[in-house]
Amino acid sequence: MAMTDDLGPGEQGYMYTPEELFRRYHRPMVAYFVRRGFSVEESRDLAQETFLRVFKNMDSFRGESAVETWLFQIASNLYKNTLRSLQTQKRDAQEVSLDGTEAAALERGSTERDALGDILAEERARRLRAALEDLPPQMRQAVYLRVDGDLKYREIAELMHVSIETVKAHLYQARQHLRDRLADYFTDSEF
Amino acid sequence: MDDEKPPLDAALRHLAEQQRQSLTSHPTPQELAAYHAGELPPEAESRLLDHLAVCRDCSDLLLDLAGFADLKPPAGVPELTDEQVEEDWQELRKRMGEGEPERKPAEVVPIRPAGPAAKPERTYPVWLPAAASLLAVLGFSFGLYQSVQVGKLSRPRVVPVISSEDVERGETSEIAISARDGGVIYLDSDPDEIYPAYEAELVRDGEVLARVPVGAIAHESVPLLVPGPLKPGTYEVRLFGVSGDQRKPSTTYPFEAR
């Protein structure tokens, strides 16, 4: 009988018990919630709640996607429900702090927006919108992800399901297009 | 006017923020996952990309999905120690034990055991033939009762729950999961042969593909997640009872990957 000694989690033909699944994905799961702005202790609780749901509903694994995707969906549903619950508490009691959660994320850039709103004349805004509208959708999306999202080429490629070279080409052409159209209205920016 | 020209990147961020403010909804985790898997139709994909372009929360979520297996906390936040992971696991086990039993009696599918070649060694008491003869004498009703008990012992129950249509009740060869996607198989251990711990092997054509420790089987049942893709064919999950240094075959669960 042949034995595949080096087969490990994530490889084809592997299988997980609940404990295996937990030990493999607990740290990424906690990191997922920490990255959403929760404290480490809150994240450990949320990760535990996620796994509890995973184990109680293992039949929700339909297999259309990877194990990670399935765990992500359950964690993300919990994350969104938790946010909703926190926001409801805030509305009801006006005393629950949402620092570090989506509320904080939604407020990002609002100060910048107000300041810039003052300097964006209507004519400029109109021309900018028109120039952007003329770009093919993928180029426009790449511009926003790069400039507004401050993402790396690799991350944009990952999000858009294209190669890094394609991202670079999109951004190069978009820059040329916007320079040509908007030179009289905006100072040039590298992005 | 040239002196007052604002920078283009700041103007772009301003426009993005305006669009962000006008967003009325966000894609669900399921939609993000479907996009990640490339399963959205082109039109829906383009709409979702328009959303991602101006929604940092959703693009961050999606990037985290793409790198989920190796996700790290942000800089400055330490990863959990081994002790903390163990502590969380023990706490989770405790919480699982406090809940309702995991079994799903309505979905359990009794099937015939694997064929002789695949069936693990099983020891029967020496008095069994005598007992069987006695049953014949004692009459139909008692015999029926006993056959149910024996049947229960000799029929490992395999419940691939990936989808109900994959399960055709009562036919061993029809216990199947998707070769492309994999699935979950619930193993019911033999209630008359309880071991302190178990080990499971995934076997295809006599080749052991993976071996995982199962630990104790709570509620006499344990779910095994078998992710796809799998090479189509006949598989077995072989369950071994582990007690100290001893490892004894317990039950074999055959299934098809199609």
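Here, every reference points to the structure presented above.
Residues numbered from 1 in each chain as written. Chains lettered and ligands numbered in written order. Predicted model: local features only at pLDDT ≥ 70, side-chain atom pairs only at ≥ 80, totals over all residues. Heavy atoms only, no water.

Student: Sorry, what's going on with the pattern of salt bridges here?
Tutor: Two side chains of opposite charge can pair, provided their charged atoms sit close to one another. If you walk through the whole model with that rule in mind, you get 26 salt bridges over all chains. The residue B:R211 makes a salt bridge to B:E201 at a minimum N-O spacing of 2.8 Å. Here B:R211, found in strand 5 (residues 207–215), pairs with B:E201, found in strand 4 (residues 197–204); they are 10 residues apart in sequence, far enough to count as distant. Overall, the relative accessible area of 37% leaves B:R211 in the partly exposed class. Accessibility expressed as a relative area gives 2% for B:E201, which makes it buried. B:R204 is the partner of B:E207 in a salt bridge, and the nearest nitrogen-oxygen pair spans 3.9 Å. We classify B:E207 as partly exposed; its relative accessible area is 24%. Owing to a relative accessible area of 14%, B:R204 belongs among the buried residues under this scheme. Three or more residues joined by partner-sharing salt bridges are found here, namely A:E41, A:R44, B:E87 and B:D88. (Salt bridge = Lys/Arg side-chain N within 4 Å of Asp/Glu carboxyl O. Helix = DSSP H or I, 4+ residues; strand = E, 2+ residues; numbered from the N terminus. Buried < 20%, exposed > 50% of the residue type's maximum accessible area, 1.4 Å probe, protein only.)

Student: What exactly am I supposed to notice about the side chain of A:T82 here?
Tutor: All names here are of chain A. Within the secondary structure, T82 is located in helix 3 (residues 67–93). Given a relative accessible area of 18%, T82 falls into the buried group. Apart from the residues within four sequence positions on either side, T82 is in contact with F38 and L46. (Contact = heavy atoms within 4.5 Å.)

Student: Any chance you could explain the interface of chain A and chain B here in plain terms?
Tutor: Interface extent is often summarised as the accessible area lost during association of the parts. Listed by partner, the interface residues are 91 residues for chain A and 103 residues for chain B. Both sides of the chain A and chain B interface together cover about 9300 Å² of buried area, and 62% of this is carbon and sulfur. The largest share of the area that chain A buries against chain B comes from A:M15, A:R27 and A:D148, three residues that together contribute 9% of it. Viewed at the interface, chain B and chain A are joined by nine salt bridges. At 17 residues, helix 1 (residues 18–35) of chain A tops the list of elements feeding residues into the side of chain A that touches chain B. Classifying every residue of the side of chain A that touches chain B by side-chain character gives 48 nonpolar, 17 polar and 26 charged. (Buried area = accessible area lost by both parts, 1.4 Å probe. Nonpolar A, V, L, I, M, F, W, Y, C, P; charged D, E, K, R; others polar.)

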